[in-house]
Amino acid sequence: MRADRRFNLAGLGVFAALLLLWELYSRAGGVESYLPPPSAALKALTEPNVARALFGHLAGTLGRFLGGYLLAAALAVAAGVVLGYSRFAYSVSEVIIELLRPMPSVAIIPVAILCLGIGDAMMIAVTIYAAAWPILLNTIDGVRNLDRTLVDTGRTFGLGRVKILWQVALPAAAPYIATGLRVSLPIALILVTTSEMVAGVNGLGFFILDEERSLRPANMYAGIVVVALLGYALNRLFVAVEARALAWKRGLQAKGEA
Amino acid sequence: MPLLEVDALCKSYDGSAGAATLAIENISFNVERGEFVALVGPSGCGKTTLLMCIAGLAAPSGGRVAVKSQLVDRPPPDLVLVFQEYNRSLFAWRSVLGNVLFGLEAKGRGGKAADERARRLIGLVGLEGFERHYPWQLSGGMQQRVAIARALAYEPEVLLMDEPFGSVDAMTRLELEDALLAIWKELGTTILLVTHDIEEAIYLSDRVHVLARRPSRVVETVAIPLPRPRHQVTTRAEPSFMELRNRIYRRIADAG
Amino acid sequence: MRPSKISGFVALLAVVAAWELVARAGLVNPLLFPAMSKILASFLALLASGEIPAQIARSMERAAAGYFLAATVCIPLGVAMGLSERVYRALEVVVETLRPVPPPVVIPVAMLFLGIGDGMKIFVIFFSCAWPILLNTIDGVRNIDGLLVDTARTFGLARGRTILKVVLPAAAPQIMTGLRISLSITLILVVISEMIGSTDGIGYFILNAQRRLKVDQMYAGMIALALLGYILNQAFLFVSKRLLRGR
Ligand SMILES: Nc1ncnc2c1ncn2[C@@H]1O[C@H](COP(=O)(O)OP(=O)(O)O)[C@@H](O)[C@H]1O
Ligand SMILES: [Mg+2]
């Protein structure tokens, strides 16, 4: 969506009005079992023991996210460069990729539980699996679209295959890789929170589901606020890093993607 | 022993419908060490294809290419090609300086000396002050000059240039021609340059090979006995210059 | 068939054969990796008995309800937000606040309100599908050449008809992009919501098979899911090609 840095009074007004309506509605009574007022959720956030617990869960979620996402990026970019560059490697794996790709990645969770038990390894593994797909496919695309002349330029200056891969193919595919990384960021977060819900003992996903089951809806909403903030912060961080890393591309872009 | 030998070279491309395009049909010529040779010919006569084969970037369908008596079956070291599609051959993610440094880095040369050399060549092609710019920030002619500077910085023994001044304006073109001659003299590089500008071919080279289309072959080799150093005004004004120009022009028109 | 496809199928056969051999030789824990033949037999049996078709039908009901609900709400909303800067700015903060919420954590909220029935799953799918459809519609509408709309107006087309005849068709390719992204999200969320709070559906079936250590059935369910994803994607491509014909 277009980034508009102007102060949006109308938007904030609508947002505040909705919150106020919610507040009034739940104060009117009879719904506290599922719809506590937003103020109660805010109060929960500021309670020391809830805040401390949330902090711990946040750290767990963030750690698993980073582990899964970064490993997925490293593995998928490496594999994608090879598959995009080597026609043989691509033709051998094409059918297998096409078969695995349409399966919703969360379906891997039960397999991961079987193989890795319940714990961080399992959650990171499923996150890697799911986040790797967009990165892999985009990297393959980027390397396959590599301009022949660029490769020939590397060759005429005496670069071997490996160096061309590293110094020419990889940077040339960087915009594609960035697209893959952008798509897989929310996917990684979905997989982390889902696996925490299905088989976790901590983490924000676990916390939110656990508070719901323990009938503490205010804490549940507090958890959702934190996870939303996490998602927002990660996205902003990504956009900032991408803008720096692909600064050379700024003027090439036909349209701004904020 | 010539530095570069092209012997009965032919090259055909596989067409999409099974029909092969014969891009080159039997071309032979030699280039001696330190020589400046120009190739002129109508577009589509296979000049780019020829350079790609010499540079080891395309495999010939017949005949052979040798550099320093070594059969070319991969890109030979110490030989660099400046591509006709200069804009596609620049690294978009590298600045002007980064692009020019690329060749030096490929040679394993870095540090201050490489930096200075790159900057000097950037100045020589008239791009001083643009070191930190990225290719997309430059005009076509400026991009072409970056590609030339990058190849020159590499200091190859053999330099192949595919219509290297195609996109620069007339004034800059004259300056670049003289800059190229100066570097050629300084480094003793062997240069094979493709152009469709007959006067440019005469002005720069020791010999001009005239190529014809269908079948593409060398129809004539014209020695250029004009004295060096050459001068944009006086050399071009010499009667023998005009004579050479007319002769080559007629040869190309006849071969059509 | 392209020769490269053939080597791909050879590779696939090699993987399947290797799996079969390794499993039969007892080199891996049969609890984790039953022989491929056993998995396929189980898949066919579950298919024949109607178990898998029934579970998929349950999942598809929810998926379709949530998906089409999201399309019905978000396309008109996106057109409104794309055409009117006022509407856009009024809703911007709400949208930007809700959008970064990872959809799975909405499941507990929905369970509070709606229990673990279909309503909960439909809502969760709706919530997660809404964003790609909404944002792509807004973008698609905004990128329409203003001249197109003006032309329509000079021909005396009323606002409502302009939207139907000009705006929607012009924005259609990008709306389709949003719908396509949402399609794969739908499948993910139906599986997740069935894993977390359900007693049927293909997501529940797979997780439950794992818990009961019917591992061959778990893999069979995954095969069914992959097939479903493939078929849905192909169907979508088919339909969108029809809809966007002549573009
Ligand atoms: N990659 C290719 N595939 C098929 N045909 C080609 C290819 N490159 C060049 N050709 C054909 O070969 C002929 C010579 O092309 P080229 O070497 O580019 O000529 P020039 O550089 O003299 O203009 C042309 O007819 C052209 O269409
Ligand atoms: Mg050419």
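All figures in this text were calculated on a predicted structure; none of them were measured in a lab.

A few points about the side chain of Glu212 of chain A
Tracing the sequence through the fold places Glu212 of chain A in helix α10 (residues 204-213). Setting aside anything within four residues of it in sequence, one finds Glu212 of chain A in contact with Met220 of chain A together with Pro108, Met111 and Leu112 of chain C.

Observations regarding the pattern of salt bridges
Pairs can form between side chains of opposite charge once their charged atoms are near each other. Residue and element names in this part refer to chain B. Evaluation of the coordinates by the stated rule reveals 37 salt bridges over all chains. When the shortest N-O distance is used, the salt bridge between Asp115 and Arg119 registers 2.9 Å. One end of the pair, Asp115, and the other, Arg119, are both in helix α4 (residues 111-124), four residues apart, so they sit about a helical turn from each other. Judged by relative accessible area, which is 25%, Asp115 ranks as partly exposed. Owing to a relative accessible area of 34%, Arg119 belongs among the partly exposed residues under this scheme. Close ionic contact of Arg120 with Glu186 constitutes a salt bridge, the shortest N to O distance being 3.1 Å. Placement of Arg120 in helix α4 and of Glu186 in helix α6 (residues 170-187) is noted, with a sequence separation of 66 residues between them.

Digging into the interface of chain B and chain A
Contacts between the two partners involve 24 residues from chain B and, on the opposite side, 18 residues from chain A. Both sides of the chain B and chain A interface together cover about 2000 Å² of buried area, and 66% of this is carbon and sulfur. Taken as a group, Arg88, Trp93 and Trp136 of chain B account for 34% of the area that chain B buries against chain A, more than any other trio of residues on that side. Inspection of the chain B/chain A interface yields one salt bridge. A salt bridge links Arg88 of chain B to Asp147 of chain A, with the nearest nitrogen and oxygen atoms 2.6 Å apart. On the surface where chain B and chain A come into contact, there are six residue pairs in polar contact (both at pLDDT 80 or more). Elements with a contribution of two residues or more to the side of chain B that touches chain A: β6 (79-82), α2 (86-89), α3 (96-106) and α5 (140-153) of chain B. In terms of residue class, the side of chain B that touches chain A is made up of 17 nonpolar, three polar and four charged.

Topic: the coordination of the magnesium ion (ligand 2)
Residues and elements named next belong to chain B. Coordination sphere of the magnesium ion (ligand 2), protein contribution only: Thr48 (OG1) and Gln84 (OE1), at 2.0 to 2.2 Å. With a gap of 36 residues between them, Thr48 in helix α1 (residues 47-54) and Gln84 in the loop between β6 and α2 connect regions that are remote in the sequence. Looking at Thr48, the relative accessible area reads 33%, which means it is partly exposed.

Digging into the sheet that holds strand β10 (residues 217-223) of chain B
Strand pairing in a sheet is mediated by backbone hydrogen bonds. Such pairs are either parallel or antiparallel. Residue and element names in this part refer to chain B. Within the open sheet, the six strands sit side by side as β6-β7-β8-β3-β9-β10. Their pairing is mixed. Strand pairing shows two members of the sheet lacking a second neighbour, β6 and β10, which therefore form its edges. Direction aside, neighbouring strands of the sheet carry axes that sit 15° apart on average. Pairing between strand β9 (residues 207-212) and β10: six bridges, direction antiparallel. Looking at the pairing, Val208 lines up with Val222 of β10.

Some remarks on the site of ligand 1
Residues and elements named next belong to chain B. Around ligand 1 sit Tyr13, Ala23, Ser43, Gly44, Cys45, Gly46, Lys47, Thr48 and Thr49, and that is every residue in its neighbourhood. Gly46 places a polar main-chain atom, nitrogen or oxygen, 3.1 Å from an oxygen atom of ligand 1. With respect to ligand 1, the side chain of Thr48 contributes an N or O atom lying 2.7 Å from an oxygen atom. Among the elements that take part in the shell around ligand 1, α1 stands out by supplying three residues, more than any other. For the shell around ligand 1, the per-class residue count stands at three nonpolar, five polar and one charged.

Details of the domain arrangement of chain C
Residues and elements named next belong to chain C. One can read the domain layout of chain C as domain 1 (1-33) and domain 2 (34-243). The straight-line distance from the C-alpha centre of domain 1 to that of domain 2 is 33 Å. Between domain 1 and domain 2, the contact holds nine residues from the first and seven residues from the second. Across the interface of domain 1 and domain 2, roughly 710 Å² is buried in total on both sides, 62% from carbon and sulfur atoms. When the buried area of domain 1 at its contact with domain 2 is split by residue, Trp19, Glu20 and Leu31 rank highest and sum to 56% of it. For the interface between domain 1 and domain 2, the tally reads zero salt bridges. Our count for the domain 1 to domain 2 interface comes out at four residue pairs in polar contact (both at pLDDT 80 or more). By residue class, the composition of the side of domain 1 that touches domain 2 is seven nonpolar, no polar and two charged.

A word on the packing of aromatic side chains
Counting across every chain of the model gives 15 aromatic pairs over all chains. Note on Trp22 of chain A and Tyr221 of chain A: the rings are 5.5 Å apart at their centroids and 70° apart in plane angle, and the pair reads as edge-to-face. In this pair, Trp22 of chain A sits in helix α1 (residues 9-27) while Tyr221 of chain A sits in helix α11 (residues 217-245), placing the two residues 199 residues apart along the sequence. According to the relative accessible area criterion, Tyr221 of chain A is buried, its value standing at 10%. Between Phe91 of chain B and Phe102 of chain B, the aromatic rings sit 4.4 Å apart at their centres with planes inclined by 50°, giving tilted as the arrangement. Here the residue Phe91 of chain B occupies a position in the loop between α2 and α3, and Phe102 of chain B occupies one in helix α3, the gap between them amounting to 11 residues. According to the relative accessible area criterion, Phe102 of chain B is buried, its value standing at 1%. Feature note: the residues Phe157 and Trp248 of chain A together with Phe91, Trp93, Phe102 and Tyr154 of chain B constitute an aromatic cluster, connected by ring pairs.

Calculation criteria
- Residues numbered from 1 in each chain as written.
- Chains lettered and ligands numbered in written order.
- Predicted model: local features only at pLDDT ≥ 70, side-chain atom pairs only at ≥ 80, totals over all residues.
- Heavy atoms only, no water.
- Helix = DSSP H or I, 4+ residues; strand = E, 2+ residues; numbered from the N terminus.
- Contact = heavy atoms within 4.5 Å.
- Salt bridge = Lys/Arg side-chain N within 4 Å of Asp/Glu carboxyl O.
- Buried < 20%, exposed > 50% of the residue type's maximum accessible area, 1.4 Å probe, protein only.
- Buried area = accessible area lost by both parts, 1.4 Å probe.
- Polar contact = N/O pair within 3.5 Å; in protein donor to acceptor, adjacent residues only side chain to side chain.
- Nonpolar A, V, L, I, M, F, W, Y, C, P; charged D, E, K, R; others polar.
- Donors = N, O, S within 2.8 Å, 3.2 Å for Na, K, Ca; no water.
- Pairing = 2+ DSSP bridges.
- Axes fitted to C-alpha atoms, helices over the stretch in contact; angles between N-to-C directions.
- Near = heavy atom within 4 Å.
- Domains from an automatic or database assignment.
- Phe/Tyr/Trp six-rings, centres within 6.5 Å; stacked < 30°, edge-to-face > 60°.

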